[in-house]
Each structure stands twice: as structure tokens, then as C-alpha cells.
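Coordinate inspection notes
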Amino acid sequence: MSPIIQGIITVIIGVGGCIGYFYLSNLILDRVIFPPRNDDNGRNINRATMVRPWLFLFPAIFALGLYLVYPVVGSFWRSLFNRSGNEFIGMGNYATMFGEEGFRQALFNNFLWVLVVPAACTFMGLLVAQLTDRLRWGNIAKSLIFMPMAISFVGASLIWKFVYANDPEIGIINAVRDSFGMAPIDVMQIPFWNNFFLMIILIWIQTGFAMVILSAALRGIPEETIEAAIIDGANPFQIFFKIKVPQIVGTIVVVWTTITILVLKVFDIVYAMTGGNFDTEILPSYMMDYMFRDDGRATAVAFVIMVIVLPVMIFNIRQARKEMH
Amino acid sequence: MTSLKLTDVGKTYGNAVEVLKHIDLEIETGELVVFVGPSGCGKSTLLRMIAGLEKISSGTLEIDGQVVNNVPPAQRGIAMVFQSYALYPHMTVRDNMTFALKLAKKSKAEIDEAVNKAARILQLEPYLDRLPKALSGGQRQRVAIGRSIVRDPKVYLFDEPLSNLDAALRVATRIEIAQLKESMPESTMIYVTHDQVEAMTLASRIVVLANKGIAQVGTPLELYERPENEFVAQFIGSPAMNLFPGEIVETGARTVIRLDGGGTAVSAVPTQAADKGLKVNIGIRPEDFVETEGEAAYTGTVAITEALGEVTLLYFETDADQPVIAKLPGIHADVRGRQVSLAAAPEKVQVFHNGISLYYR
């Protein structure tokens with residue numbers, strides 16, 4: 001069978017299945033389980049109304065349960081077993097992991113990433129949003145800054161490989177050094193600081209995201225409050241820090257935590273740039289090192305990452321919900 | 001003493017869009033001047049120019065004898081109350097009121113005194129530590145006014161301050177503003193509104209803006225009794241003044257006008273012999289009409305009536321674009337479909353030629 005026909009059949013089965021599910025399940029609910037007949041008329045209509053949302057929610061809940069909850073539980077279970085998965089070792093994987101220099105390095109680096117990247121993205125995003133507001137060419141500037149968002153992390157890493165390249169003919173850093181007569185260096189091999197050169201890549205990608213959200217938030221500030229502040233005698237800095245920023249602080253927090261969550265998941269940049277060498281390992285790339293080689297260890301790392309992300313995530317969702325009101 | 005003086009002030013956006021031109025106005029210290037006009041007449045723009053939120057394109061603005069065209073808003077000695085209150089949502093009532101004073105680096109004792117005084121006047125003392133979102137609309141508006149009071153400005157600017165309040169609160173707050181003005185006789189206030197009742201009740205003088213300029217300046221009753229032109233005549237008062245075209249047939253201390261509709265009207269506006277035969281419009285307010293058996297200015301068939309109890313509005317059948325409306329005191333049942341003849345006292349009859357009142361010639 002040709003793949004096109006296969007595709008069409010899949011779509012028909014998928015969409016038709018959905019329609020069929022909703023139609024039939026509602027039909028059964030209304031006709032068989034709670035038929036609005038005789039004495040039970042009003043009561044059955046109410047009952048059916050109470051059940052109906054769950055009919056619609058069921059597929060989503062089921063899919064989420066299957067693809068989210070089960071893997072979490074499964075991963076945790078797997079992390080309690082040894083490398084080949086045939087021997088239960090309890091917390092053994094966690095114990096060895098925390099005792100290992102590489103893991104602690106990754107944890108420390110990850111801590112640096114979480115500290116620097118969200119702060120830098122949010123700050124730069126806010127700065128750009130404020131500075132480009134009401135400029136005629138502001139939208140062009142914003143589009144340019146937003147563009148890296150469309151590039152995959154690996155793609156971005158490749159671009160920055162050129163920026164950081166050793167050859168002064170290619171890399172801009174070494175071109176600058178060269179013009180001052182300095183010997184080329186590989187910034188990826190300067191211990192500790194190389195982490196920051198990696199972070200720059202993610203900041204470059206994510207600033208656009210922060211900028212777009214914060215720009216919208218700035219636009220949402222009532223103009224009159226700013227005019228009132230002008231009449232009250234506030235200078236532009238005071239207007240920005242005392243009137244504008246406090247009014248969008250909720251959005252700033254959401255942007256900050258959203259980027260924090262992203263930072264905790266990024267592995268592509270480190271993987272593509274250094275492969276975790278030169279002390280640049282972070283937790284997700286550390287996990288990748290063990291994946292398929294030692295699934296017990298890899299799932300243990302995954303679980304540690306999840307435990308770190310979870311509170312940020314919960315806080316983020318709460319804050320975002322509060323913003324919506 | 002002149003508090004604020006506008007000389008040939010104009011506003012253009014870009015180079016093409018002219019919003020205001022040739023505005024000349026002097027406001028005395030202690031006056032409450034109300035700007036009214038149809039929407040889009042530039043009344044808010046004029047206020048914002050005085051505030052310094054809009055650049056003055058031409059002409060000069062003086063506050064207390066000093067030209068302030070290029071003085072930043074905060075140094076003009078003005079304070080503004082916005083329609084939307086414009087409170088800082090993240091600051092408590094106290095912080096909202098002290099923001100300007102803190103920026104001006106006033107001493108803590110001075111700030112406290114100003115805030116407590118304003119809070120006492122506006123009965124905001126129990127709410128000083130609340131956030132604006134925990135206040136009602138009327139309370140928010142009082143905070144906005146308090147924010148102005150603490151700065152002790154030379155000129156208060158109000159931009160439709162009551163528009164966001166519901167009807168009952170609007171009346172209450174209007175009276176509060178009137179009382180506030182009473183308690184601060186030295187302060188000058190400029191008040192923009194589209195609500196005639198606010199204008200008539202609050203103003204010591206009203207400025208009617210229309211067609212990019214000032215149509216008339218005067219006390220509320222001057223505008224009501226002696227409008228300078230047809231625009232003001234029809235803008236002030238509700239329902240609007242009736243206009244009837246006609247021709248002057250007798251001149252002198254009293255002018256007799258024969259109306260195109262067949263009626264005759266006598267006006268107390270004096271005319272000269274040369275005016276005989278002049279094409280004019282006469283204006284009679286709906287409430288000045290009385291039913292008559294004798295010589296009528298207007299006779300028509302009543303199409304619709306609106307009985308309000310204290311008065312009855314009669315809408316007449318007419319071919320003209322403008323409706324003819326009479327407002328007769330008391331209840332008039334069964335006039336619908338009947339012919340009614342109306343006349344008005346000579347003092348109540350305005351005469352306009354080319355839209356301008358002959359009274360002001």
C-alpha cells in the first residue's frame with residue numbers, strides 16, 4: 001500500500017474515531033444510562049450533565065496517564081535497578097551518582113545555568129521591549145531578536161561554533177584577538193568560563209521569547225498611570241522601575257520561571273558544542289551520557305531533574321493562572 | 001489675578017491635522033472653568049496641553065504669569081485627575097498620594113502632614129493602607145483627587161472625572177467636588193466634561209469648544225440665556241433649542257420676525273431699520289414655549305408625547321431635519337394628534353443671522 005493511502009486511512013480512522021467516540025459515548029449516556037424519561041426526567045438530565053464533561057476529558061486524561069504518568073512511575077522503578085535491569089539495588093544508583101565527581105560537576109554547572117540564563121534573558125528581554133516600544137523601526141528590531149527562537153538548539157550551536165571558532169578567519173572572538181595581535185584561543189576549553197560561553201547561546205535564543213511576552217505586558221500597562229507619573233514628576237528611569245516594572249512583575253516571574261524550566265531541560269547545546277567535555281557537563285547531557293549504556297543510572301538522573309523542575313513548574317503554573325485573573 | 005492664560009494656542013498633529021486653533025482664554029485665580037463640547041472637539045487635548053502631556057504647536061501658555069510651553073508637567077504647578085483614576089495599582093492609597101512628594105524629596109513630616117490633611121478632607125483615613133483594587137469606584141476617584149491635593153498645585157485639571165461612576169455616585173461626587181472647591185477658594189480648577197449638568201452646576205464659567213476653537217465663554221446662565229451663536233444655543237440645554245427660519249419685518253427696541261412656517265415671533269433683541277428684510281433664524285427653547293390662543297410663533301400637529309410628570313415633551317410633525325420640541329409644564333393628556341399653537345415671551349426669543357446672535361452685534 002502506498003504511504004499516501006496509508007496516511008489518508010490513518011487520518012480517517014483517527015478523526016473518524018474521535019467523532020465516533022464523542023457521538024456514541026454521548027448517545028449511550030443519553031439513551032441508555034440516563035434516559036430522560038418518565039419520573040426520572042429532570043434528575044436524569046442533571047446526572048447526564050454531570051457525567052458529560054468526563055466523557056470529553058477521558059481521552060485526554062487517558063493519553064496523559066499513558067504517556068506521562070506511566071513513564072514517570074516506570075522510570076523511577078527502572079532507576080532502582082542495576083545497569084542491565086535484572087537486579088534490584090534500591091537507592092544504589094542515586095548513591096553512586098551523588099558520590100561521583102562528574103555528577104556534582106553537572107549539578108553545579110546546572111545551578112550556574114539556572115542562575116544566569118533566566119536572569120539574563122528576562123533582563124535583556126525587558127530592556128529590548130522597553131527600548132523598542134514606540135520606535136518606528138522597533139518592530140524590525142524585535143523581529144530580528146525574535147528570529148533565533150525559530151532555530152533549533154543544535155542549529156544555533158552550529159552557528160555559535162563558527163562564532164567561537166579557533167580560526168581568526170572564521171571566529172569573531174579570535175578575529176578581534178587577532179587584530180590586537182593576540183594568539184587565538186578556544187573559548188570552549190577555558191574551564192569554568194566556557195560554561196558562560198555556552199549559556200550565551202541559550203540567552204541568544206531565549207531573549208526573543210522574553211522580549212515578546214514582556215513587550216505585550218508593557219503595552220498592557222494603562223497609559224494614564226504613566227501620564228500620572230509624568231505629572232507627579234517621575235523621570236524615565238523612575239517611571240520604568242517604579243511604575244512599569246511593578247505592574248508587570250507577575251509576567252516577569254512567569255517568563256523567568258518558564259525559562260528556568262527550559263534551562264533545566266536543555267542538553268542539545270552542551271551536547272553539540274563540547275559533548276560535556278572540559279567540565280561543561282550539565283544534568284541533561286550527563287543523563288544522555290548514560291542513556292542506553294546504563295539505563296538505571298540514566299533514569300536516576302532523569303528523576304533528579306524532574307524533582308528539581310517540579311517545584312518551579314508548580315510555581316510557574318500558579319503564577320500564570322494568577323496572571324490570567 | 002490671572003492664573004492661567006492661553007494666547008493664540010493651536011494644536012496640529014504632524015503637519016496636516018489641525019485639532020485646535022486660535023484659542024485665547026484667561027482664567028482667573030479661584031475660578032472653576034469647565035470645558036464642554038461635542039466629542040472630538042479637542043477639549044481633552046486642550047486640557048492635556050495645559051498639563052504638558054501634549055506639546056503646544058503654536059501660541060503660548062502662561063501659568064501665574066510665566067510662559068510654561070517648554071516647562072515639564074511636574075514643574076508647571078498643575079495636578080491632574082484622570083477619567084480612569086490612573087491610580088498606581090501596586091501602591092497603597094498612601095503611597096499613591098505621596099509618590100509625587102517623595103519624588104520631590106519632601107521631608108517625611110511634610111509628606112505625612114499633607115497626606116493626613118488630604119485624607120481628612122476626602123474621608124480616606126480608613127483606607128490609607130489599602131491597595132486601589134480594594135476600593136470602590138467612588139473611593140478610587142477620591143484617592144485620585146487626594147493625589148492632586150497633596151501636591152498643592154496652582155491649577156487642578158479634571159479630565160471627565162465622573163464618567164466612570166454610576167449615576168447616583170456621579171451626583172454625590174459632583175457635590176463633593178463642588179464642596180472641595182468651596183473649601184479651597186484660592187485654587188483654580190479646569191474641568192473637562194461632556195455632561196451638561198456637570199458643566200452647569202459646577203462651573204463659574206463654561207468654555208464651549210467647537211470647530212477647533214472656542215464657540216463661547218461665559219457663566220452657565222449667560223450661555224443658557226444669551227448664546228452667541230446657534231451652535232452654543234443648541235448645545236446648551238436639553239432638549240436642544242428650536243430654530244425657525246424667518247425674515248425681520250419690524251425693527252426697533254423689539255424685533256418682529258415673520259417665520260417661513262407662517263407664524264410671527266417678537267424678540268426683545270433690538271434691531272436697526274437697516275435690518276428690515278434680513279433673513280434670520282429665531283431660537284426658542286422647548287421649555288420657553290407656552291400654549292397660546294392668540295398670535296402663534298409655531299403651530300403644528302403633535303406626533304409623539306413624552307410625559308415625565310413634572311413636564312410633558314411634545315414632538316411635532318415636521319418636514320425639516322430638526323425636530324420641533326416643546327416642553328410644557330405639568331401633564332398634558334390627549335394632545336397627541338392635535339393641533340397646538342405655541343408662542344414665547346420676547347425675552348426668550350433669540351435671533352441669529354448667519355448663525356451669529358444679533359444680540360452680540
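Here the residue numbering is sequential within each chain, running from 1 through the sequence in written order. Chain letters and ligand numbers both follow the written order, the letters beginning at A and the numbers at 1. Only residues with pLDDT of at least 70 get local features here, since the model is predicted, and only at 80 or more are side-chain atom pairs given and counted; chain-wide, interface and lining totals rely on the full set of residues. Side-chain numbers come from the whole structure's heavy atoms, not from hydrogens or water.

Focus on the interface of chain B and chain A
Across the boundary between the two partners, chain B contributes 21 residues, which contact 15 residues of chain A. Each partner contributes to the roughly 1,500 Å² buried at the junction of chain B and chain A, and carbon and sulfur atoms together form 69% of this total. When residues of chain B are sorted by the area they lose upon contact with chain A, Tyr88, His90 and Leu103 of chain B head the list and together hold 32% of the total. We count a salt bridge whenever a side-chain nitrogen from Lys or Arg sits within 4 Å of a carboxyl oxygen from Asp or Glu. Connecting chain B to chain A are two salt bridges. By definition, residues are in contact when any of their heavy atoms lie within 4.5 Å. Here the quantity called buried area is the total loss of accessible area, with a 1.4 Å probe, experienced by two parts when brought into contact, counted for both.

Side note on the domain arrangement of chain B
All names here are of chain B. Structurally, chain B comprises domain 1 (2–234) and domain 2 (240–360). An automatic or database domain assignment supplies the start and end points of every domain. Distance from the C-alpha centre of domain 1 to the C-alpha centre of domain 2: 38 Å. Contacts between the two partners involve eleven residues from domain 1 and, on the opposite side, 16 residues from domain 2. Of the roughly 1,300 Å² buried at the junction of domain 1 and domain 2 (both faces included), carbon and sulfur atoms supply 44%. Linking domain 1 to domain 2 there are zero salt bridges.

Comments concerning helix α11 (residues 249–265) of chain A
In a regular helix each residue adds 1.5 Å, so 17 residues correspond to 24 Å; α11 of chain A covers 25 Å between its end C-alpha atoms and thus fits that length. Helix numbering and strand numbering both begin at the N terminus, where a helix is a DSSP run of H or I of at least 4 residues and a strand a DSSP run of E of at least 2. Those residues of α11 of chain A that are buried are in contact with α4 (101–132), α8 (193–219), α10 (236–247), α13 (283–290) and α14 (295–324) of chain A. One fewer than the residue count of a helix, multiplied by 1.5 Å, yields its expected span.

A short note on the environment of Lys348 of chain B
Residues and elements named next belong to chain B. Within the element layout of this structure, Lys348 appears in the loop between β19 (339–343) and β20 (350–353). Exposed residues in this analysis have more than 50% of their type's maximum accessible area, buried residues have under 20%, and partly exposed residues fall in between, with area computed by a 1.4 Å probe over protein chains only. For Lys348, a relative accessible area of 38% gives the class partly exposed. When the C-alpha positions of Lys348 and Phe289 are compared, they lie 9.0 Å apart, and in sequence the two are 59 residues distant. In this structure Lys348 touches Gly283, Ile284 and Asp288, once residues within four positions along its chain are discounted.

Some words on the sheet that holds strand β5 (residues 66–67) of chain B
Residue and element names in this part refer to chain B. Sheet architecture is open: four strands sit in the order β2-β1-β4-β5, paired in antiparallel fashion. Since the sheet does not close on itself, it has two edges, and those belong to β2 (17–28) and β5, each with one partner. By definition, two strands form a pair when at least two bridges between them are found by DSSP. Judged from the two bridges that link them, strand β4 (residues 58–63) and β5 form a sheet pairing that is antiparallel. Bridging from a neighbouring strand, Glu62 pairs with Val67 of β5. Each of β1 (2–13), β2 and β4 touches helix α1 (residues 43–51); the most contacted strand, β1, lies at about 115° to it. Here, axes are lines fitted to C-alpha atoms. For helices the fit covers the stretch in contact, and angles between N-to-C directions go from 0 to 180 degrees.

Focus on the UniProt feature "domain: ABC transmembrane type-1" (unreviewed entry) in chain A
With numbering matched to this structure, UniProt assigns "domain: ABC transmembrane type-1" (unreviewed entry) to residues 107–316 of chain A. Between the C-alpha atoms that bound residues 107–316 of chain A the distance is 22 Å, and the span itself is 74% helix and 0% strand. UniProt positions are given in the numbering used here, feature names are shortened, and annotations may be inferred rather than shown by experiment.

Structural notes on the domain arrangement of chain A
Residue and element names in this part refer to chain A. Taken domain by domain, chain A holds domain 1 (3–78) and domain 2 (93–324). When each unit is reduced to the centre of its C-alpha atoms, the spacing between domain 1 and domain 2 is 40 Å. Opposite the four residues of domain 1 that make contact, domain 2 presents six residues. A buried area of about 470 Å², summed over both sides, lies between domain 1 and domain 2, and 72% of it is on carbon and sulfur atoms. Remark: the boundary between domain 1 and domain 2 carries zero salt bridges.

Re the UniProt feature "domain: ABC transporter" (unreviewed entry) in chain B
The UniProt record marks residues 4–236 of chain B with the feature "domain: ABC transporter" (unreviewed entry), using the residue numbering of this structure. Across residues 4–236 of chain B, the secondary structure splits into 36% helix and 26% strand, with the terminal C-alpha atoms separated by 25 Å.

Quick look at the nonpolar core
The criterion is simple. A nonpolar core is a set of buried Ala, Val, Leu, Ile, Met, Phe, Trp, Tyr and Cys residues joined through side-chain atoms within 4.5 Å. In terms of nonpolar packing, the biggest core is built from 82 residues, with Trp113 of chain A together with Phe35 of chain B touching the most fellow members. In this structure, Val81, Ala118, Leu165 and Ala199 of chain B belong to the second largest nonpolar core, which totals 43 residues.

Some details on the packing of aromatic side chains
We call Phe, Tyr and Trp rings a pair once their centres come within 6.5 Å, taking the six-membered ring for Trp, and we label the pair stacked below 30 degrees between planes, edge-to-face above 60, and tilted otherwise. The tally for this structure, following the rule as stated, stands at 27 aromatic pairs over all chains. For the ring pair Phe158 of chain B and Tyr191 of chain B, a centre distance of 5.6 Å and an interplane angle of 35° mean the geometry is tilted. Of this pair, Phe158 of chain B sits in strand β7 (residues 155–159) while Tyr191 of chain B sits in strand β8 (residues 188–192), and the two are 33 residues apart along the sequence. Overall, the relative accessible area of 0% leaves Phe158 of chain B in the buried class. Among the aromatic residues, ring-to-ring pairing joins Tyr21, Phe22, Phe56, Phe58 and Phe62 of chain A into one connected group. For a ring to carry a charge above it, either NZ of a lysine or CZ of an arginine must fall within 6 Å of the ring centroid while also lying within 35 degrees of the normal to the ring plane. Between the NZ or CZ atom of Arg147 of chain B and the centre of the ring of Tyr88 of chain B, over which it lies, the distance is 4.7 Å. Here the basic side chain of Arg226 of chain B rests over the ring of Tyr359 of chain B, its NZ or CZ set 4.2 Å away from the ring centre.

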